Amino acid sequence: MRWAAVSPSASSAASFWARRSAGLVLGKAVGITAGTFLVTRFRGITIDKSLAWIDILGMSFIAGIGFTVSLLVGELSYDAASAASDHMKVGVIVGSIISATIGAAILTVRNRYYRAAGSAGAEAAESRQC
């Protein structure tokens, strides 16, 4: 059986790489967060009390920047000289950038929250010592 290379038409090129980007961004975020949630359903397994689920979600988006396996699978799936290969690479790179941006935004907000909570806790501890 001979495999034919899949090559999207020029009109569907944007859709082609947009689907790859969305799959990379959402797939890892949903998979890691859901996997962590399911593991914590076992008796005796919990996330640290200093973490919130939004922190787990932020880290799962950061995990979306790992694109080497996506590029490897894409190279094995499409002919290297085809337009589909180029669209796949753009989709993986764009997806990684989007994932990193979302993760950085979530974790930046959470970092501000933790710093504010830490400084408020330190001020309260200082006032109790006086």
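Above this text you will find the structure in question.
Our subject in this report is the structure included herewith. (Residues numbered from 1 in each chain as written. Predicted model: local features only at pLDDT ≥ 70, side-chain atom pairs only at ≥ 80, totals over all residues. Heavy atoms only, no water.)

Things to note about the overall build of the protein
Next, step 1: Along the backbone of the protein there are 4 helices and 0 strands.
Next, step 2: Along the protein, helices and strands appear, N-terminal first, in the series α-α-α-α.
Next, step 3: The 130 residues of the protein split such that 23% are buried.
Next, step 4: Taking the contacts inside the protein whose residues are at least 6 apart along the sequence as the reference set, 73% of them involve residues at least 24 apart.
Next, step 5: A total of about 8,700 Å² of accessible surface is found on the protein, and carbon and sulfur atoms cover 67% of it. (Helix = DSSP H or I, 4+ residues; strand = E, 2+ residues; numbered from the N terminus. Buried < 20%, exposed > 50% of the residue type's maximum accessible area, 1.4 Å probe, protein only. Contact = heavy atoms within 4.5 Å. Areas by Shrake-Rupley, 256 points an atom, 1.4 Å probe, with all protein chains shown as cover.)

A few points about the pattern of salt bridges
Next, step 1: As enumerated under the stated definition, the model contains 2 salt bridges in all.
Next, step 2: Among the ionic pairs, Arg-110 bridges to Asp-55, the shortest N-O distance being 2.9 Å. One end of the pair, Arg-110, is in helix H4 (residues 83-129); the other, Asp-55, is in helix H2 (residues 53-62), and 55 residues separate them in sequence. Taken as a pair, Arg-110 and Asp-55 share a single burial class, namely buried. (Salt bridge = Lys/Arg side-chain N within 4 Å of Asp/Glu carboxyl O.)

Brief notes about the side chain of Ser-96
Next, step 1: By secondary structure assignment, the location of Ser-96 is in helix H4.
Next, step 2: The exposure class of Ser-96 is buried, given its relative accessible area of 5%.

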